[in-house]
Amino acid sequence: MKIRLGHSPDSDDAFMFWGLANGAVESDHEFEHILRDIQTLNEWAREGKLESSAVSVHAFAYVADKYALLRHGGSFGDDYGPMIVSEENISPEDLKETVIAVPGTLTSAFLQLNLWFEDQFGEGVKPKFEVVPFDEIIPAIQSKKYRAGLIIHEGQLTYEREGLVELANMGKWWKAKTGGLPLPLGVNVVRKDLGEEICVDVSRCMRESIEASLNNRDKALEYALQFARGMDVDTSDTFVGMYVNERTRDMGHDGVKAIRLLLSEGARIGLVPPVQVDVID
C-alpha cells in the first residue's frame, strides 16, 4: 500500500524521516514523501487528503475525528519557540495595536500568540494580524511592510543577523506560565480509516525512522541540509537538535500533558473546538 506522508520542507522534518527516505526502515508499504508548508498540510488534514501527515498541534483540534495522534514525531520547544520580532523595540501598548505578520491561522504559533495576548493584555484582547508565508515574514519586516512578525522555523536562529530584535518568545512564556512544560508545536498523525493494523505499522515505521536518524546523526544531517534553506551546517545542526531529540522519539507524559493543556486553553478562548486527545503508539 502507498502511504503518502506529508511533512514540511524543513531540515528538522527531513532529518526525522531520513530513515524512511533511505531504506533504513523495513516495511511492506511504499512511502511517498509529500513536501508542503505547514499551513497547506493543516488544510489538507481537514480534508483527510493524506494517509499520514505532520500537522500543527493547533490544527489537530480540527482533525481528531479523522486522524490518530502518534507519541513520536512531535516537535516541542523547551524554553524556546515562535517569536514576535521587529526591527525596533515596540512598547507593549504599541504592539497591541500593531498588525503582526503571522505564518497561518492554523499554526500552533498563532494559537500561542492569541493566548499570549490575553495573558499580557487581558481577557478578550486579540492580536491584529495578516497571514504571510513563514519564509516571507522577515523580508516583509525588513521592507517595512509590517512592523512586527511572528516567526517560526529557522528564523528563530537567524533573526538577529537579519537586524531584528525579539519582542516576545512563546516558548519562554509558556514554560514560565505552566511550571516547566514544553511548548507543543507539531505532531505526526495517521488516518484512522486505514484500520488499526496499518495505523500501528505506519507508527512503527515512523518511530524506527526517527531512531535511525538519531543513531546515524551525521548521515541524516547531511540529507537534511538540502532542505536547510541556506542555513550553514552549524546552524542547521543546532536547529535540528532543537526539534528532533529524545522527546521526538517519545513525547512522554509531559508532552501529552502540554498538548492537552494548550488545546484546552485554546478552547477556553474560543479559538479551537473542545477535543479529546487520545495518543497511540
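Residues numbered from 1 in each chain as written. Predicted model: local features only at pLDDT ≥ 70, side-chain atom pairs only at ≥ 80, totals over all residues. Heavy atoms only, no water.

Caption draft 1: Looking closely at helix 11 (residues 217-224). Residues of helix 11 that are buried include every one of Ala220, Leu221 and Ala224, and no others. Buried residues of helix 11, seen end-on, are gathered within an arc of 100° and therefore sit on one face of the element. Along helix 11, the residues that are exposed and aim more than 90 degrees away from the buried face are Asp218, Lys219 and Glu222. Elements in contact with the buried residues of helix 11: helix 1 (11-16), helix 2 (18-21), helix 10 (196-215) and helix 12 (233-243). (Buried < 20%, exposed > 50% of the residue type's maximum accessible area, 1.4 Å probe, protein only. Helix = DSSP H or I, 4+ residues; strand = E, 2+ residues; numbered from the N terminus. Arc of directions from axis to C-beta. Contact = heavy atoms within 4.5 Å.)

Caption draft 2: View of the pattern of salt bridges. Under the defined criterion, the tally for this structure stands at 20 salt bridges. Linked by salt bridges that have partners in common, Arg4, Glu51, Arg191 and Asp193 make up one network. (Salt bridge = Lys/Arg side-chain N within 4 Å of Asp/Glu carboxyl O.)

Caption draft 3: Up close: the pairing of strand 9 (residues 148-151). Going residue by residue along strand 9, you find Ala148 and Leu150 tucked away on one face and Gly149 and Ile151 tucked away on the opposite face as well. Sheet topology places strand 7 (residues 99-102) next to strand 9; two bridges connect them, and they run parallel. Paired with Ile100 across the strands is Ala148, a residue of strand 9. (Pairing = 2+ DSSP bridges.)

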